[in-house]
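This is what each chain is made of:
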Amino acid sequence: MGLRPSCLLLLLLLLVAACQAGDEPASLAPHPGEELAGGETTVFDDTRLAFALALRNLDREQRGDHFVGNSFFNQNWVQAPSSTEGRDGLGPLFNARSCSGCHFRDGRGRPPLTDDEPMLSMLVRLSVPGEAPDGGPRPEPAYGDQLQPDAILDVPGEGRAVVRYEEVPGAYDDGEPYALRRPTYAFEDLAFGPMQPDTMISPRVAPVVIGLGLLEQIPEAALLDRADPDDADGDGISGRPNFPTDPLTGQPGLGRFGWKANQVGLVQQNTGAFLGDMGLTSALHPAQNCTDLQPECAAAFDPGQPEVSDHVVQRLTFYSRTLAVPARRDVDDPVVLAGRELFHEAGCADCHVPSYVTGPGDPEVPQLEGEQIWPYTDLLLHDMGEGLADGRPDYDADGREWKTPPLWGVGLVPVVNDHDLLLHDGRARGLAEAILWHGGEGEAAKEAFRTMARDDREALLTFLESL
Amino acid sequence: MTIDSIPSLAGLTLAFLFAAGCGDSGSGDEDAGTGTDTDAAATPLTVDEVTPVATAYADLVYATYDDALSRAEALDVAVQAFVDAPDAETHEAAKAAWLEARSPYGQSEGFRFYDGPIDDADGPEGQLNAWPMDESYVDGVEGMPDSGIINDPDVDITADMLASLNEEGGEENVATGYHAIEFLLWGQDLSEDGPGARTFEDYVDGGPASHPDRRGLYLRTVSGLLLTDLQAVRDEWADESGAYRAEFLALSPDALIQKVMRGIGTLTAAELSEERMNVAYDTKLQEDEHSCFSDNTHNDILYNFLSIANVVRGRYGSVQGPGLITLVHARDPALAQAIEDHLVETEALIMAIPAPFDQAIEGDDADPGRMAVAAAIESLRDLGDLFVQAASLMDLTLNTSLE
């Protein structure tokens, strides 16, 4: 155990060395194993099933457990009471009837494409100034910490969020124009009157859910080693860990999941989503989240046994831990290799850190330990500038900070989810716009991209598409 | 493996997956062993060998959906007669017709999972067979007698309205299809050892349930919707211009057999063995079964299995092959024989599961019911491994999962 951090350091040094070696074009070659984004757990599929497969090296019994979790992820939960009592308890308020309703094919959600389309695979977090008792965001008094448009029969839904866009013109350094779209949000049909005037909102799309077990087992020291809260090295990039309160322990823990790293682990993330997104209680979250101003919601809820049993929580968590990462494509393509070098030269890799070796974790899935993985993230918070700021703090994350999202699988989102809308709220129409929205600590990397020759920009994007 | 080999990795996936899927697994692998050399070079599919198999497959799919439609028409006649004159006799006749209708539909489920007419972007699968049923969304249930659309006179019950519910929330409310009809005929299964016990008087004025007329209208409407959807799917497999059949038969040999194999492979290794059997076996939730109102799940399992066997053998009704197995046989007769032997064995193990299924999954792992379910699951998993092996011999990748 004591050796691990130093081994990791050595590995990082090797990686840095490898990147620097890339300065000589003749030496461009794939790094050993970099096509295996999830190490030995990697699967090979570039179809719409690319995010839906179990770790390649699960044994038969594990695969069975994975599919049990899959069932509770995919199938709709229904209103209680029902004959299918293991699957009832939906609501009273909810955003979706199943996990897959938002994480469709274990992939990525998106904002509505038209004014009429309801917000299906994204949601809007709400809070007012101050803190909740656990140090997290303080819920809006009437609507709670998340707008839930849908509800079971005889309970009013909370209302709906509508997004509109304004085109913001810009240009690459070579004069080629582009346009970004800046979203603004409004609420309609609010069932409990206007929100408190100082309510802060944070729209978030459902992220891809591959490789989460591997991310959970990146050694904490490897992540904290990269943290530089006060930018002591003066590179313009801070990198701060979030330490949300872990509902399992009541103590702060290193946040890894969620757009602002506000969840410590997968059990916490999953049970939080059961409650917040589907209105399903569990042992970890036994109380329904109706506010004091929602009597119909409170009256419709039958407090008793948790709606999601411990067994189902365990299986669902096993499932989320064992969804595999697909292999990269075209890793030895010269354009991809050139793009990879540009990615490093532009500084993208300072936050989208390519690789780690996983440490110990779930003893039931030994396959997750000791694998070299390629997630392209540091799981730390970064100031992303005013353009992306939501102005809503979330534990230690301030209103301008977002967690570096992993990039593995990003090239397959169009195949799996039939769209290429990126960033936390899906405002970016493709990879180039996603880069161009970077500001704050990402400003220098963005500018490097904006001022590249067209061929270089395309090479960098081609590299990203190979992830 | 050298880096240079990476571009060809996709083609090798199968070998990887198969090695992973088989190598570490527990009991049952010995049975699946065939003496076949899994490292044998793959032989790509040719147009000449695939064309007769593809044509027989398309005929088989059409015949299966045609039977499903005929039985659904008989069900509709029985449903209309029941609602016109609800009594114990017409009620029983409608229930019997529903049970009959499940057989061909269950045998069609191997045609799913590859973006065919049943479940492409606008396919009706969800509207036909979605589960679990959102009971209290549709009708009163124990403890909430006035729940549901049926008890809400403000809602107009029409086919369009019910179809639109399937779009609501991006995820279906499951207010239509076979299981909605099943729920409306049998009612909630609240008993430990029998099916739902809804009385025909739920459809009679002055009976125990309110809004009998609306319940009847709902039942008629979902029954009608079932016919519309089944006919649309069947017609896509007709030998007529503009139908999906022509598009299917024009696919490259690889793409075509890939679809056929993904259909039965997913049903075998994911949908049937895992989603429909292992989930219930693992959770022991009594009603975590697809036909929970009628306690017909044991038959659902058999029909799904037959769907797999039908495609392998190329046989259904008057369709007499050649089946998928001929492509395997041309490459590895021993593997083809192993698959056939395994089909026979798996069918016997499924038949040995004591009905009703929701009783079989209860108790200790050493109880006969659970042992029978576990043996059938393992046998299906072995069969799935054999399909992966067969696909690899055709130079195809067979990844199976549920979206």
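These numbers were taken from a predicted model, which means no experiment stands behind them.

The rules behind the values
- Residues numbered from 1 in each chain as written.
- Chains lettered and ligands numbered in written order.
- Predicted model: local features only at pLDDT ≥ 70, side-chain atom pairs only at ≥ 80, totals over all residues.
- Heavy atoms only, no water.
- Helix = DSSP H or I, 4+ residues; strand = E, 2+ residues; numbered from the N terminus.
- Buried < 20%, exposed > 50% of the residue type's maximum accessible area, 1.4 Å probe, protein only.
- Contact = heavy atoms within 4.5 Å.
- Areas by Shrake-Rupley, 256 points an atom, 1.4 Å probe, with all protein chains shown as cover.
- Rg over C-alpha atoms; globule rule 2.2 N^0.38 Å.
- Lys, Arg positive; Asp, Glu negative; His and termini not counted.
- Charge placed at Lys NZ, Arg CZ, Asp CG, Glu CD.
- Salt bridge = Lys/Arg side-chain N within 4 Å of Asp/Glu carboxyl O.
- Buried area = accessible area lost by both parts, 1.4 Å probe.
- Polar contact = N/O pair within 3.5 Å; in protein donor to acceptor, adjacent residues only side chain to side chain.
- pLDDT = per-residue confidence, 0-100.
- Core = buried A, V, L, I, M, F, W, Y, C linked by side-chain atoms within 4.5 Å.
- Phe/Tyr/Trp six-rings, centres within 6.5 Å; stacked < 30°, edge-to-face > 60°.
- Pairing = 2+ DSSP bridges.
- Expected span 1.5 Å × (residues − 1).
- Axes fitted to C-alpha atoms, helices over the stretch in contact; angles between N-to-C directions.
- Parallel < 35°, antiparallel > 145°, perpendicular 65-115°, else oblique.
- Left-handed = near helix turned anticlockwise from the far one by under 90°.
- Nonpolar A, V, L, I, M, F, W, Y, C, P; charged D, E, K, R; others polar.

1. Some thoughts on the overall build of chain B
Inference 1: From N to C terminus, chain B includes 16 helices and 2 strands.
Inference 2: Within chain B, the proportion of its 403 residues that are buried is 59%.
Inference 3: A fraction of 76% describes how many contacts in chain B between residues 6 or more apart in sequence connect residues 24 or more apart.
Inference 4: Counting every atom, chain B has about 14700 Å² of accessible surface; 52% of that belongs to carbon and sulfur.

2. A short note on the overall build of chain A
Inference 1: Looking only at helices and strands, one finds 13 helices and 13 strands in chain A.
Inference 2: The C-alpha atoms of chain A give a radius of gyration of 22 Å, which matches the 23 Å a tight globule of 467 residues would have.
Inference 3: The 467 residues of chain A split such that 60% are buried.
Inference 4: Across chain A, contacts joining residues at least 24 apart in sequence account for 68% of those joining residues at least 6 apart.
Inference 5: About 17400 Å² of surface is accessible on chain A, with carbon and sulfur atoms providing 55% of the total.
Inference 6: Computing the positive centroid from 35 side-chain charges and the negative centroid from 75, chain A places the two 3 Å apart.

3. Concerning the pattern of salt bridges
Inference 1: Taken as a whole and judged by the stated rule, the model has 52 salt bridges over all chains.
Inference 2: In this structure, A:Asp115 and A:Arg164 form a salt bridge, with 3.4 Å as the shortest nitrogen-oxygen distance. Here A:Arg164 lies in strand 5 (residues 160–171) and A:Asp115 lies in the loop between helix 3 (99–102) and strand 2 (122–131), a separation of 49 residues in the sequence.
Inference 3: For the salt bridge of A:Glu433 with A:Arg429, the shortest nitrogen-to-oxygen distance reads 3.1 Å.
Inference 4: Sharing partners across several salt bridges, the network here consists of A:Arg60, B:Glu274, B:Glu378, B:Arg381, B:Asp382 and B:Asp385.

4. Notes on the interface of chain B and chain A
Inference 1: With 61 residues of chain B at the interface, the matching set in chain A holds 48 residues.
Inference 2: When the two sides are added together, the surface that chain B and chain A hide from each other amounts to roughly 4700 Å², 53% of it contributed by carbon and sulfur.
Inference 3: Put simply, chain B and chain A have 6 salt bridges between them.
Inference 4: For A:Arg60, the salt bridge identified is with B:Glu378, shortest N-O distance 2.8 Å.
Inference 5: Counting across the chain B and chain A interface gives 15 residue pairs in polar contact (both at pLDDT 80 or more).

5. Things to note about the confidence of the model for chain B
Residues and elements named next belong to chain B.
Inference 1: Mean pLDDT over chain B stands at 88; residues scoring 70 or higher make up 88%.
Inference 2: Below a pLDDT of 50 lies the segment residues 1–39, which in the model reaches 67 contacts outside its immediate sequence neighbourhood of four places, other chains included.
Inference 3: Interface confidence for the predicted complex, given as ipTM, is 0.86, next to a pTM of 0.88.

6. Observations concerning the nonpolar core
Inference 1: By size, the foremost hydrophobic cluster in this structure holds 112 residues, and its most contacted members are B:Tyr218, B:Ile257 and B:Ile339.
Inference 2: The element best represented in this core is helix 3 (residues 47–84) of chain B, accounting for 16 residues.
Inference 3: Apart from the residues within four sequence positions on either side, B:Tyr218 is in contact with B:Val138, B:Ile149, B:Ile150, B:Ile157, B:Leu162, B:Ala175 and B:Leu184.
Inference 4: Among the nonpolar cores identified, the runner-up in size contains 56 residues, and A:Phe51, A:Leu214, A:Leu266 and A:Leu316 belong to it.

7. Let's talk about unusual backbone geometry
Inference 1: Here the amide bond leading from B:Trp131 into B:Pro132 is cis, since omega sits at -5°, within 30 degrees of zero.
Inference 2: For B:Pro132, the location among the structural elements is in the loop between helix 5 (125–129) and helix 6 (135–138).
Inference 3: Put simply, B:Ala355 and B:Pro356 share a cis peptide bond, and its omega is -5°.
Inference 4: Tracing the backbone through its elements, the reader meets B:Pro356 in the loop between helix 14 (333–351) and helix 15 (357–360).
Inference 5: Despite not being glycine, A:Tyr395 has its phi angle at roughly 55°, a positive value.
Inference 6: Secondary-structure assignment places A:Tyr395 in the loop between strand 10 (381–383) and strand 11 (401–403).
Inference 7: Here B:Asp115, not a glycine, exhibits a phi torsion of approximately 65°, which is positive.
Inference 8: Among the secondary structure elements, B:Asp115 is positioned in the loop between helix 4 (88–106) and helix 5.

8. Some remarks on the packing of aromatic side chains
Residues and elements named next belong to chain B.
Inference 1: Summed over the entire model, instances satisfying the criterion amount to 20 aromatic pairs over all chains.
Inference 2: A ring pair is formed by tyrosine 65 and phenylalanine 111, whose centres lie 5.6 Å apart and whose planes are at 70°; its orientation type is edge-to-face. In this pair, tyrosine 65 is assigned in helix 3 and phenylalanine 111 in the loop between helix 4 and helix 5, connecting sequence segments 46 residues apart.
Inference 3: A relative accessible area of 1% places phenylalanine 111 in the buried class.

9. Considerations on the environment of B:Asp76
All names here are of chain B.
Inference 1: Structurally, the position occupied by aspartate 76 is in helix 3.
Inference 2: A sequence separation of 21 residues divides aspartate 76 from alanine 97, and the C-alpha atoms of the two residues are 8.5 Å apart.
Inference 3: Excluding anything up to four places from it in sequence, aspartate 76 contacts Arg220, Ser223, Gly224 and Leu227.

10. Re the sheet that holds strand 3 (residues 137–138) of chain A
Adjacent strands of a sheet form backbone hydrogen bonds with each other and so pair up, either parallel or antiparallel.
All names here are of chain A.
Inference 1: Strand order in the open sheet formed by 3 strands is 3-2-7, and the pairing between neighbours is antiparallel. Edge positions in the sheet fall to strand 3 and strand 7 (200–205), since each of these pairs with one other strand and no more.
Inference 2: In terms of strand pairing, strand 2 meets strand 3 through 2 bridges, oriented antiparallel. Pairing of glutamate 131 across the sheet is with proline 137, part of strand 3.

11. Notes on helix 2 (residues 60–74) of chain A
Inference 1: Helix length check: helix 2 of chain A (15 residues) gives 21 Å between terminal C-alpha atoms against 21 Å at 1.5 Å per residue, within 8%.
Inference 2: Residue A:Asp59 occupies the N-cap position of helix 2 of chain A, its side-chain oxygen lying 3.1 Å from the main-chain nitrogen of A:Glu61.

12. Notes on the confidence of the model for chain A
Inference 1: Confidence in the prediction for chain A averages 92 pLDDT; 94% of positions are at 70 or higher.
Inference 2: Here residues 1–26 of chain A scores under 50 on pLDDT; set against residues more than four positions off or in separate chains, the count is 20 contacts.

13. Observations regarding the pairing of strand 5 of chain A
All names here are of chain A.
Inference 1: In the sheet, strand 5 pairs with strand 6 (residues 177–188) via 12 bridges, with the strands oriented antiparallel. By the bridge assignment, valine 168 is partnered in strand 6 with leucine 180.
Inference 2: Remark: 5 residues form the turn of the hairpin made by strand 5 and strand 6, two consecutive strands paired antiparallel; glycine 175 in that turn has positive phi of roughly 95°.

14. Some words on the pairing of strand 2 of chain A
Inference 1: Note that strand 2 of chain A and strand 7 of chain A share 6 bridges and pair antiparallel. Bridge assignment links A:Leu123 to a residue of strand 7 of chain A, and that residue is A:Arg204.

15. What to know about the packing of helix 8 (residues 178–186) of chain B against helix 9 (residues 212–236) of chain B
Residues and elements named next belong to chain B.
Inference 1: It is at 9 Å that the axes of helix 8 and helix 9 come closest, and there the two elements cross at 155°. The orientation of helix 8 relative to helix 9 falls into the category roughly antiparallel. For the crossing formed where helix 8 meets helix 9, the hand is left-handed. Listed contacts from helix 9 to Tyr178, Ile181, Leu184 and Leu185 of helix 8 are Arg215, Tyr218, Leu219, Val222, Ser223, Leu226 and Leu230.
Inference 2: Split by residue class, the contact of helix 8 with helix 9 holds 9 nonpolar, 1 polar and 1 charged.

16. Re the environment of A:Ala96
Inference 1: Residue placement: A:Ala96 occurs in the loop between strand 1 (93–94) and helix 3.
Inference 2: With 187 residues separating them in the primary sequence, A:Ala96 and A:Ala283 have C-alpha atoms 21 Å apart.

17. Digging into the environment of B:Pro104
Inference 1: Structurally, B:Pro104 is set in helix 4.
Inference 2: For the pair B:Pro104 and B:Arg71, spaced 33 residues apart in the sequence, the C-alpha separation amounts to 7.9 Å.

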